[in-house]
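An overview of the molecular structure
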Protein chains: 2
Amino acid sequence: MAVADEHYQDDNKELQPLLVFGPPLIFEVFESRNSHKYLFLKAFSIQLPLLEFLTTQNVDPSSIRTILCNQLQPITANVIRLLPSLALIVTTTIGNDHIDLPECNRRGVQVVNVGSQSTEDVADMAVGLLIDVLYRISAADRYVRKWVPSKPWNLPPGSKLGGKRVGIVGLGRIGGEVAKRLEAFNCRIMYHSRHKKPFVSYTFYSNILELASNSDVLVLCCSLTDETRHMINREVMLALGKEGVIVNVGRGALIDENALVQCLMKGEIRGAGLDVFENEPEVPKELITLDNVVLSPHAAALTSDYFTDTFSFLSNIKDIFQQECSKLR
Amino acid sequence: MAVADEHYQDDNKELQPLLVFGPPLIFEVFESRNSHKYLFLKAFSIQLPLLEFLTTQNVDPSSIRTILCNQLQPITANVIRLLPSLALIVTTTIGNDHIDLPECNRRGVQVVNVGSQSTEDVADMAVGLLIDVLYRISAADRYVRKWVPSKPWNLPPGSKLGGKRVGIVGLGRIGGEVAKRLEAFNCRIMYHSRHKKPFVSYTFYSNILELASNSDVLVLCCSLTDETRHMINREVMLALGKEGVIVNVGRGALIDENALVQCLMKGEIRGAGLDVFENEPEVPKELITLDNVVLSPHAAALTSDYFTDTFSFLSNIKDIFQQECSKLR
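The structure contained in this document is the topic of the report that follows. The model shown is predicted, which means the values in this text are computed figures rather than measured ones.

Moving on: the overall build of chain A. Helix and strand counts for chain A stand at 12 helices and 12 strands. Within chain A, the proportion of its 329 residues that are buried is 56%. If you take every contact in chain A between residues at least 6 apart in sequence, the share linking residues at least 24 apart comes to 57%. Total accessible area on chain A stands at roughly 14200 Å², and carbon and sulfur atoms take up 50% of it.

Structure (structure tokens):
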């Protein structure tokens, strides 16, 4: 299949329309510096159905070839079907679960993640959350900030990271980076994923319940799919046990959040470090008062380097488009 | 030199006196389980000069052969001189800077650290504090716990750990463990210590100012001595620079704390992760409101494993004593 790119040959004369759903965090700066290249169609700023929105902008749906999005707004089959010339979706996330990939495949729409340069940052964050929960750093920081001489230190002892059996759920790029880091802390790594990985020496568990039973820590790094939604349910948490810790840098809905809240409140697991939640940006209010959780607002990847890298990547969407087109020829 | 140990040959009949300065955190349990072995002389519970205290206990100073202490009370030359039979000081810390080591050497008093099993925990904590400062985990946790829908995320972007040039100050056991861990995060390790270490490939800087100029991060892991007191002064912090981060798991007084507070408040360095302070348990009140610091109450080593290990170690002080004596024969 060949995607015509003649539209871009005269982009000095005509602005390339770019349909933006869910603005990337750097969008404001990106827009101001690229207004000579793109006609920004900001679907996130108006609460209208897509076709009505495009009508208000005097834009023909068939002129749209590129979408820019993040995880905040799903790119459904319905959206894709409304844009007959759509050829490329650029998402500023690592995951793709907000995009209807089967429909993209069927239509030959390419999907490019700009978030992948933050793989290492997310892995760092996972390790940071784990150390924080085990050695209760954020809780200690809260204690120090409220310290009064008469109030004794009342946090329970921490738990050492060395020697812990860490079950990685989803040994993809992020999971692999987490494993590499935790090996340096003398952890024993095991994993669960759809298939056993060749060339990987870590113990594989095809069953998540078995992984949990044999782990002290679960680090969730996989994508959200119909199969993985709520895979970490109450049964898995009880198998992990009272000293168990869960770190989630994947997607909130990998965990049955209600069950997690119950287990954390009752001490049925030791603690959790969470960068993601089921209904972001909402965080279950029961967690707010607990000392055995560390809460982060899906902020793992938000480093200044991420902003710089994403910015430079987005500035070259035209090149990405042409590369993707050439792959299809 | 031979230290007589006949005192211990009949310890089934007679309790071994144990002079305790600065109770280890597990002291209460330790005491209750070992009252059949030791006569605990709790110098920490009474505000009397040592000799007066021993008089109130009907104990002859020359019967004291062992001291148990932590960092909260210094074991000065004066204390050592008052105890003519002193042969062993057991400290439940990693550092020794609260003990007059030259006087111990002169007198042939052995010093044993029970804290060394927490070397790895302290290294883990150093990495945890560093990740926390760079990816501002504790600050984000505070933000989430106070989140209201109308209040935007206002923390500055984080800074990625990968690629950072990390200067380890004091490449002893803890420093070595920190270096090993940070290599797995793709950091470039360099170090400063009294002498260049043979068999170590990291770049060595004999001058702390040069190390700071060439580092993005300083991790302080050395002991406190007359040479290292306030070695991290304003000049060193300015050499580290605006993006620089300091992590201190050594001793508070390694840093000129007033200068640190100024640099953090003015943004002359990026941030700091501090497990130790100059006047513990006091923390400079200016730091309490800053988002670019993570504050921990000298709690790195306080894991439940530490308690168990120290407990088991202390229960065998008699064996330690005999081992130390046999080394001297």
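Next, the rest of the story.
All names here are of chain B. If you trace the seven strands from one edge of the open sheet to the other, you get 8-7-6-9-10-11-12, paired in parallel fashion. The strands lining the two open edges of the sheet, one partner per strand, are strand 8 (203-204) and strand 12 (293-295). In the sheet, strand 9 (residues 217-220) pairs with strand 10 (residues 245-248) via four bridges, with the strands oriented parallel. Bridging from a neighbouring strand, Leu218 pairs with Ile246 of strand 10. Along the sheet, helix 7 (residues 173-183) makes contact with strand 6 (165-169), strand 7 (188-192) and strand 9, crossing strand 6 at roughly 170°. Helix-sheet contacts for helix 10 (residues 257-266) involve strand 10, strand 11 (271-274) and strand 12, and the interaxial angle to strand 11 is about 135°.

It is worth spelling out the sheet that holds strand 1 (residues 16-21) of chain A at this point. Residues and elements named next belong to chain A. What the five strands build is an open sheet, ordered 2-1-3-4-5; its pairing is parallel. Every other strand in the sheet has two partners, leaving strand 2 (38-42) and strand 5 (110-113) as the edge strands with one partner each. Within the sheet, the average angular offset between the axes of one strand and its neighbour, ignoring direction, is 25°. Bridge count for strand 3 (residues 66-69) against strand 4 (residues 88-91) is four bridges, and the pairing is parallel.

Here we take up the interface of chain A and chain B. Across the boundary between the two partners, chain A contributes 52 residues, which contact 52 residues of chain B. Here chain A meets chain B over a buried area of about 4300 Å², counting both sides, of which 59% is carbon and sulfur. Broken down residue by residue, the surface that chain A buries against chain B is led by Tyr135, Arg145 and Lys160 of chain A, which jointly contribute 16%. At the surface where chain A touches chain B, the tally comes to four salt bridges. Two residues, Arg142 of chain A and Asp141 of chain B, come together in a salt bridge whose shortest N-O distance is 2.9 Å. At the boundary of chain A and chain B, one finds 23 residue pairs in polar contact (both at pLDDT 80 or more). Of all the secondary structure elements, the ones that give two or more residues to the side of chain A that touches chain B are helix 5 (119-134), helix 6 (137-145), helix 7 (173-183), strand 12 (293-295) and helix 11 (304-314) of chain A. For the side of chain A that touches chain B, the leading source of residues is helix 5 of chain A, giving nine residues.

The rules we used
Residues numbered from 1 in each chain as written. Chains lettered and ligands numbered in written order. Predicted model: local features only at pLDDT ≥ 70, side-chain atom pairs only at ≥ 80, totals over all residues. Heavy atoms only, no water. Helix = DSSP H or I, 4+ residues; strand = E, 2+ residues; numbered from the N terminus. Buried < 20%, exposed > 50% of the residue type's maximum accessible area, 1.4 Å probe, protein only. Contact = heavy atoms within 4.5 Å. Areas by Shrake-Rupley, 256 points an atom, 1.4 Å probe, with all protein chains shown as cover. Pairing = 2+ DSSP bridges. Axes fitted to C-alpha atoms, helices over the stretch in contact; angles between N-to-C directions. Buried area = accessible area lost by both parts, 1.4 Å probe. Salt bridge = Lys/Arg side-chain N within 4 Å of Asp/Glu carboxyl O. Polar contact = N/O pair within 3.5 Å; in protein donor to acceptor, adjacent residues only side chain to side chain.

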